[in-house]
Each structure stands twice: as structure tokens, then as C-alpha cells.
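Residue strings, one per chain:
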Amino acid sequence: MKTLEELMALRDQAKQKMTVREDTGDDAIRIVVGMATCGIAAGARPVLNALVEEVAKRNLKGVTVAQTGCIGMCQYEPIVEVMQPGKEKVTYVKMTAEKAVQVVNDHIVNGQPIVEYTVGAVAK
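Bear in mind the structure is a predicted one, so any value in this text is a computation, not a measurement. (Residues numbered from 1 in each chain as written. Predicted model: local features only at pLDDT ≥ 70, side-chain atom pairs only at ≥ 80, totals over all residues. Heavy atoms only, no water.)

### Considering the overall build of the protein
And then number 1: For the protein, the count of helices and strands is 5 helices and 4 strands.
And then number 2: Counted from the first residue to the last, the protein has its helices and strands arranged as α-β-α-α-β-β-β-α-α.
And then number 3: By residue count, 35% of the 124 residues in the protein fall in the buried class.
And then number 4: When contacts within the protein are restricted to residue pairs at least 6 apart in sequence, those whose partners lie at least 24 apart make up 65%.
And then number 5: Counting only carbon and sulfur atoms, one obtains 52% of the accessible surface of the protein, whose full area is about 7200 Å². (Helix = DSSP H or I, 4+ residues; strand = E, 2+ residues; numbered from the N terminus. Buried < 20%, exposed > 50% of the residue type's maximum accessible area, 1.4 Å probe, protein only. Contact = heavy atoms within 4.5 Å. Areas by Shrake-Rupley, 256 points an atom, 1.4 Å probe, with all protein chains shown as cover.)

### A word on a nonpolar patch on the surface
And then number 1: Residues Leu 4, Leu 7, Met 8 and Leu 10 make up a contiguous nonpolar surface patch of roughly 370 Å² in combined accessible area.
And then number 2: Examined against the element boundaries, Leu 4 turns out to sit in helix α1 (residues 4–20).
And then number 3: Under the relative-accessibility criterion, Leu 4 is labelled exposed at 54%. (Patch = residues over 30% accessible without salt bridge, like charges linked within 9 Å, V, L, I, M, F, W, Y side chains within 5 Å. Salt bridge = Lys/Arg side-chain N within 4 Å of Asp/Glu carboxyl O.)

### Concerning helix α3 (residues 44–57)
And then number 1: In this model, α3 (14 residues) spans 20 Å end to end at C-alpha, consistent with the 20 Å of a helix rising 1.5 Å per residue.
And then number 2: Within the span of α3, buried status applies to Ala 44, Val 47, Leu 48, Ala 50, Leu 51, Val 52, Glu 54, Val 55 and Ala 56.
And then number 3: Looking one or two places after α3, you find Asn 59, whose phi comes out positive at around 55°. (Expected span 1.5 Å × (residues − 1).)

### Brief notes about the pattern of salt bridges
And then number 1: The full count for this structure, using the stated rule, is 3 salt bridges.
And then number 2: Notably, a salt bridge pairs Lys 57 with Glu 54, separated by 3.3 Å at the nearest N-O pair. Here the residue Lys 57 and the residue Glu 54 both occupy positions in helix α3, the gap between them amounting to 3 residues, near one helical turn.
And then number 3: The class of Lys 57 is exposed, set by a relative accessible area of 65%.
And then number 4: For the salt bridge of Arg 58 with Glu 54, the shortest nitrogen-to-oxygen distance reads 2.8 Å.
And then number 5: A network of salt bridges, in which partner residues are shared, links Glu 54, Lys 57 and Arg 58.

### Overview of the sheet that holds strand β2 (residues 63–68)
And then number 1: On the basis of which strands lie adjacent, the open sheet formed by 4 strands has the order β2-β1-β3-β4 and mixed pairing. For this open sheet the edge positions go to β2 and β4 (90–92), each flanked by a neighbour on one side alone. Strand after strand, the sheet turns through a mean of 20° between neighbouring axes, direction not considered.
And then number 2: Here strand β1 (residues 29–34) pairs with strand β3 (residues 80–83) via 4 bridges, running antiparallel. Note that in β3 the partner of Ile 31 across the bridge is Val 82.
And then number 3: Helix-sheet contacts for α3 involve β1, β2 and β3, and the interaxial angle to β2 is about 165°. (Pairing = 2+ DSSP bridges. Axes fitted to C-alpha atoms, helices over the stretch in contact; angles between N-to-C directions.)

Right under this line is the structure:
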């Protein structure tokens, strides 16, 4: 960093990423990543980072990305749950950072859940 403007731009980028992790109310879309030890060991941290970065990059309002402890299906980790008001919760399993970006694009932005990544499709 050589200028104050560069420092301020960096600060603004960090603030934008932090607001993605804040609860925005009852009408928000919530994306929750299982971050217990089993999830972290299976690769949940890059999934969480990819979700936060993609939501921030697209400047999506009303979308919250959060982490939780154990979701209870360790064999399917990393797990991502998407909760939208008035809709059934969608549970994505065996996620990767690449799949997470696709979930933001297809499910969050375009309203089309990716059925082949869900627990119902994988458990069959």
C-alpha cells in the first residue's frame, strides 16, 4: 500500500465482506455452512470463503452467510443449508468451493436449486 486511497479501498472491501456475515432480518436468505470439526476437516472453510466472496462480489442484498456447528450428517460434509422465507430448506452436501459458487448463481440469484447436490440426491 502506497496511498491512503488504497488503504481506504481495502477497508471498504473488508467491511463489505463483514456485512455479508451479518443477519439482515426475517426476510433474508440465510446460507449456513456446517463448521464443526468434521466439516472443517472435510473442507468447509474454502466453501464458506467462496460463498462469502461470491455474495460480496455480486453485491447481493438480503443474503446472509453464516456458520454453525455440527449439522449431524458427518458423512456428507461439507454441508451447506439454504433457507429462504416461505420455502423449504435446501441441504447441499459434499460441497466444494466451485459448487458453492454455482449454488449462489443458480439457487440464490436465479431461484433454481441444484438438485443433484442435495442430500436427497446423494443419499439414494
